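Summary of the model geometry
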Amino acid sequence: MKEAHIRTAISHEIEWINEMYHTIGFAPSNFETEFIMIAEMNGEKCGLGRLVDIDDNNVELGGIYVLKEYRGSGIAEKIVSHLLENTIQNKNIWCLPFEHLQNFYLKFDFLDQKGSDIEVPGAIKLKYKWCNQNYEDKVILLVKWQIMTTVKN
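Description of the structure in this document. As the structure is a computational prediction, the values presented were derived from the model and not from experiment.

Definitions and cut-offs
- Residues numbered from 1 in each chain as written.
- Predicted model: local features only at pLDDT ≥ 70, side-chain atom pairs only at ≥ 80, totals over all residues.
- Heavy atoms only, no water.
- Helix = DSSP H or I, 4+ residues; strand = E, 2+ residues; numbered from the N terminus.
- Rg over C-alpha atoms; globule rule 2.2 N^0.38 Å.
- Buried < 20%, exposed > 50% of the residue type's maximum accessible area, 1.4 Å probe, protein only.
- Pairing = 2+ DSSP bridges.

1. Topic: the overall build of the protein chain
- From N to C terminus, the protein chain includes four helices and seven strands.
- Beginning at the N terminus, the succession of helices and strands in the protein chain can be written as β-α-β-β-β-α-β-α-β-α-β.
- Compactness check: the protein chain gives a C-alpha radius of gyration of 16 Å against a globular reference of 15 Å for 153 residues, within 12% of the reference.
- Oriented by its inertia axes, the alpha-carbon framework of the protein chain measures out at about 55 × 35 × 30 Å.

Here you go:
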């Protein structure tokens, strides 16, 4: 099997993107407020993920999805790495993964939000509540601090 290639999605792919998200019950994407990446292997689309702009200080990493036949080949890790490389500095990155994926996201320096004093943006609070009401699997709230703080001596 060849190695996956990760690239930025282009606007005419939005139908495929939203078809994938629809099949797994994820919210549809909006090209105006999101940065979306697609994974390809052997010329076939095999996965995707997105960064959603929340506000001036926050983005959400989400929608990480790899087609079943391509799982276990490191594609999700590559998608997340590429998305994080494209995150605007000085923004907190929020992630709402299923609980069983927590260790995967810890590899990228995400931390459980419960251990932080960062205020959770309203849009993230609402999505977190919605996810836990609508998905069978428990969803957790993780954050990766990007906003620089001044260290006092």
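2. Some thoughts on the pairing of strand 5 (residues 92-95)
- The side-chain alternation of strand 5 yields two buried faces, one formed by Asn92 and Trp94 and the other by Ile93 and Cys95.
- The pairing of strand 4 (residues 58-66) with strand 5 spans four bridges and is parallel. Following the sheet pairing, Leu61 is matched in strand 5 by Cys95.
- Pairing between strand 5 and strand 7 (residues 142-144): three bridges, direction antiparallel. In the sheet register, Cys95 faces strand 7, and the bridge partner there is Leu142.

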